[in-house]
Amino acid sequence: MVRLSVIVPTRNEAENIPALLSRLGPAVAPLGAEIIVVDDSDDGTPAVLARHAATAPVAVRLLHRPPTARAGGLSGAVVLAARHARGEWVLVMDADLQHPPESAAMLAGIAMRHDVDLVIGTRYAGDGSNEGLGGTTREATSSWATRLAKSLFPRRLTTVTDPMSGLFAFRRTAVDLARVNPIGFKVLLELLVRHPGARVAEVAYEMAPRHAGHSKASLREGVNFLRHLVRLRCQRLVGQMRDRPPAARDRMHELGRLIAFGLVGLSGMVVNTAALWFFYQPANLHHLLGVALATQISTSWNFLLIDALIYRRHRHGSLAGRAGRFFLLNNLLLLLRLPALQALVWAGVGVLMSNALTLVALFLVRFLINDRVIYSSDTGRRDPVRMLVNLEAPEAAAAPSRKRYQYLKYRYDVAGVVKIGSQIMLPELEFFRAQWVADSDVDIAVRVSDVGGRGPRRRAAMTEYANQSVLRYEEHLGRLGANFRIQLGSPIDIQVGPLLARSPHVVYTNIIEALLRFVIVSRGHMLLHSACVSLNGVGVMLSALTDTGKTATVLRLLRDHGGLFLSDDMTLISPDGVAMCFPKPLTISAHTLRAVQAQDLTPREWRRLQFQSRLHSKGGRSLALTLSRFNVPIMGINAITQRLVPPPKYSVDRLVPCRIGTSARIEELFIIERGAPRISDLDPGETLERMIQNTDDAYGFPPFRYLAPGITIGDQGYVQLRQREREILTGFLSNIRSRVVASDRFGWADEIPRLLREERGDLPTIAEPHTVLPTWPRWSGTLAPAGAHS
């Protein structure tokens, strides 16, 4: 099956064809490729191609265009070949070997494992070089053309360093060929401008000298390039005028929304001030508490008016979702207001006046986030993270700001499968604490270090150094940002910047667990997004999309029926149907705790939980994911937020009386979802896809999408690891009954025991004695199942 179509336009390249096919064929053969040569030659190129194609290790197809059918020049040839391509991916390169076939094949391989639409070979980033152009004049001309194009399309080309490149690959389904009508050499520029929502990555390469023959660049092609630029710019302007109101009218509409927002905000300030006066004077509450309570009242007032009057034609999603994001925004801004308000009070300004001043100071911030994020419908925004792969250049060594120790203070043994050493305490892995593990025996080492350059960046960047197996993520604030570096090897070495080190939850969730997922797969197991309990000896697994209600269901099952707890968020599974414990602390809401009537929390914890559960709710994550589409340091924002307001995490046995087991053989799988009540069986294929979907959903927050495709464990790359993951899950599910249980009243904790009773007899209503873990486990090899007992 053809997975890659390599398009090579030719014009009088007979001297280059033998060397091209002898190098290109073996390079792309492992990728499941075909080669399509589009020939506009007047010499013997087709005959030379026919002689050498017979010995090529891949299929070679020829499309010869007669002189009367050569419209569009090189670009027209590329578009014609793309219409005949059979591969999912299309690689475009020149025939003169200035694009080294080995580099082109590596670019195609990188494209096929990344979640992007367009991968560009760049001469102007990383270890890229344009010395192969063959002269200062041509180098200057190429640089000038690049700058001109980027100045005419500053937003469309903001993450692209080489829009003039002739070496690139694109996902065939991501490009609408009917919209593409290029002229001259610069087909890539056409693709970028016509597809502004395309996800782009770059691969640095060194342009080689021409192997033989003469360059086709000429004054005529330069004129065609300028014509192409003018036409694209004019068509873009016409499209803007046709697709949306003129810019001036847009600005007037935005100004109108700003004024209306200000009037609503003014009325809200009156409400806020009246509420604060009541809480501060008659109720005699502390002024900071009064400000917090008054903010909730005025936020409710403002949301009702803004949602109903200002954005009634721009509303997207549910009312609850918009309200959740609106309240979350105002409460985050409240955290910024309180220190400033207190400083004003200390300076002698009255409480009511200080409150009004802080509200006015953040007015524009509130408007912009509401207008551009909460109520925005812009889904075509370009990916804010710049992705670059360096094929040959080593990573530049960064001088540390100060000497740091290397000792790994905290060590963990995850079920005998993976050993982790860390300078940062990782609460999610506390159950697996294993101080007896030596530093030299760890599989993953986490240290605090200075990562990235000292100066600020215009946007976040994920850089892969292929020859060193290094991945580096940097955000906008230089070394002050949420940066990390991963050296893949044995052991895997993770270095996190000081900001991330202060937020262990972000380090674990966004970096370590992403790596742990694939390390575990490489060792024959899988980290599956699911919950697992054992009820009366029956291994029961629950799976759901994030924020469905899985945690509350698990807690109710344990409270009402006893049994053993194995996991709530992630479960370690093996192909023989065994689930092993992965008892991370549970992230819960006030609603969840009330549902199980947890009584152990102190009044202070209950009060804190009200705010924590709002910030770390589905609405909070939705706002964060929306913000991640913009050019903001989203991981740094996440780290600071979770440092100031830690997520509400509690050990399961503090919430309900229960015991923790080590492993169970799973017999029943329930995929729970919200909706009209129904129960239906799932076939193995559908179950597999649903479980993969639910697991991928748990890794939706940046920078997983940029990080994962660069991960290689041993000799297994990302594609092989994902395939191995499916094989492990297929084996695990082979002897498990799978069902979907839908409920519109969160009734899964009642429905699942009812189904089990009908098929297996009565379940206990109180906890029965089981063999449990007397202390932290010290694994000897991986866990073995003992029925449903530890």
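Keep in mind that what you see is a predicted model, and the values were worked out from it rather than measured.

Attention shifts here to the nonpolar core. With 151 residues, the main nonpolar core has Val 6, Ile 420, Phe 484, Ile 486, Ile 494, Leu 500 and Leu 729 as its most contacted residues. By residue number, the principal contributor to this core is helix α14 (residues 504-522), which donates twelve residues. Those residues in contact with Phe 484 that lie beyond four places of it in its chain are Val 451, Met 462, Leu 471, Arg 472, Tyr 473, Gln 495, Val 496, Leu 500, Ile 511, Met 635, Pro 703 and Leu 707. With 35 residues, the next largest nonpolar core counts Val 38, Ala 85, Ala 149 and Val 193 among its residues.

A few words on the pattern of salt bridges. Considering all chains together, one arrives at 41 salt bridges under this definition. The salt bridge partner of Arg 722 is Glu 725, with a shortest N-O separation of 3.2 Å. One end of the pair is Arg 722 and the other is Glu 725, both in helix α23 (residues 718-733) and three residues apart, which spans about a single turn. You can call Arg 722 buried: its relative accessible area is 19%.

Contact pair helix α10 (residues 319-346) / helix α18 (residues 618-627): the axes reach a minimum separation of 8 Å and the direction vectors enclose 80 degrees. Viewed along their axes, α10 and α18 adopt a mutual orientation that is roughly perpendicular. Contacts between α10 and α18 involve Arg 325, Leu 328 and Leu 329 on the former and, on the latter, Gly 619, Gly 620, Ser 622 and Leu 623. Of the residues contributing to the contact of α10 with α18, the split by class is three nonpolar, three polar and one charged.

To continue, consider the packing of aromatic side chains. Tallied over the full model, the rule gives twelve aromatic pairs. Here Phe 431 and Phe 432 contribute two aromatic rings whose centre-to-centre distance is 5.3 Å and whose plane-to-plane angle is 90 degrees, an arrangement assigned as edge-to-face. When sorted by exposure, Phe 431 lands in the same class as Phe 432, which is buried. Taking the centre distance of 6.4 Å and the plane angle of 10 degrees together, the rings of Phe 518 and Phe 704 count as stacked. Placement of the pair is Phe 518 in helix α14 and Phe 704 in helix α22 (residues 704-707), with a sequence separation of 186 residues. Across the pair, exposure class does not vary: Phe 518 and Phe 704 are buried alike. Here the aromatic residues Phe 518, Tyr 699, Phe 704 and Tyr 718 are joined through ring pairs into a cluster of three or more. The aromatic ring of Tyr 699 is capped on one face by Arg 517, whose charged end is 4.6 Å from the ring centroid.

With that out of the way, let us pick up the side chain of Lys 550. Within the element layout of this structure, Lys 550 appears in helix α15 (residues 550-561). Here Lys 550 sits buried without a salt bridge, and the closest side chain of opposite charge, Asp 568, lies 4.5 Å off (N-O distance). Each residue touching Lys 550, except ones within four places of it in the same chain, is listed here: His 529, Ser 530, Ala 531, Leu 542, Ser 543, Ala 544, Asp 568, Asp 569 and Ile 672.

As a further point, take the environment of Arg 760. On the secondary structure map, Arg 760 appears in helix α24 (residues 748-760). On the basis of relative accessibility, which here comes to 39%, the residue Arg 760 falls in the partly exposed class. In this structure the C-alpha to C-alpha distance between Arg 760 and Val 538, which are 222 residues apart in sequence, comes to 9.2 Å. When sequence neighbours within four positions are dropped, the list of residues in contact with Arg 760 reads Val 538, Glu 667 and Glu 668.

Going from Ser 490 to Pro 491, the amide bond is cis rather than trans, its omega being 0 degrees. For Pro 491, the location among the structural elements is in the loop between β14 (484-487) and β15 (492-496). Cis geometry is found at the peptide bond from Pro 702 to Pro 703, where omega equals 10 degrees. Structurally, the position occupied by Pro 703 is in the loop between α21 (684-697) and α22. Of note in this structure, Ala 415 is not a glycine but carries a positive phi near 55 degrees. Its place among the elements puts Ala 415 in the loop between β9 (410-414) and β10 (418-422).

Thresholds applied
- The numbers attached to residues start from 1 for each chain and follow its sequence in the written order.
- The predicted nature of this model means local features are confined to residues of pLDDT at least 70 and side-chain atom pairs, given and counted, to a pLDDT of 80 or more, with totals for whole chains, interfaces and linings taken over all residues.
- Only hydrogens and water are set aside when side-chain values are computed; all heavy atoms of the structure are taken into account.
- The nonpolar core is taken to be a set of buried Ala, Val, Leu, Ile, Met, Phe, Trp, Tyr and Cys residues, with the residues joined through side-chain atoms within 4.5 Å.
- Relative accessible area decides the class of each residue, using a 1.4 Å probe on protein chains only: under 20% of the type maximum gives buried, over 50% gives exposed, and in between gives partly exposed.
- Each helix is a run of H or I in the DSSP string that is no shorter than four residues. Each strand is a run of E no shorter than two, and both are numbered from the N terminus.
- By the convention used here, residues are in contact when the closest approach between their heavy atoms is within 4.5 Å.
- Note on definitions: salt bridges are taken to be side-chain nitrogens of Lys or Arg within 4 Å of carboxyl oxygens of Asp or Glu.
- Every angle, taken between N-to-C directions, lies between 0 and 180 degrees, and every axis is a line fitted to C-alpha atoms, over only the stretch in contact when it is a helix.
- Throughout this description, any angle smaller than 35 degrees is read as roughly parallel, any larger than 145 degrees as roughly antiparallel, any in the 65 to 115 degree range as roughly perpendicular, and the remainder as oblique.
- Residue polarity follows a fixed list, in which Ala, Val, Leu, Ile, Met, Phe, Trp, Tyr, Cys and Pro are nonpolar, Asp, Glu, Lys and Arg are charged, and the others, Gly among them, are polar.
- Centre distance within 6.5 Å is the pairing criterion for rings of Phe, Tyr and Trp, where only the six-membered ring of Trp is used; planes under 30 degrees apart are then read as stacked, over 60 as edge-to-face, and the remainder as tilted.
- A ring has a charge above it when a Lys NZ or an Arg CZ is no more than 6 Å from the ring centre and no more than 35 degrees off the ring normal.
- Asp and Glu count as negative and Lys and Arg as positive, but His and the ends of the chain are not part of the count.

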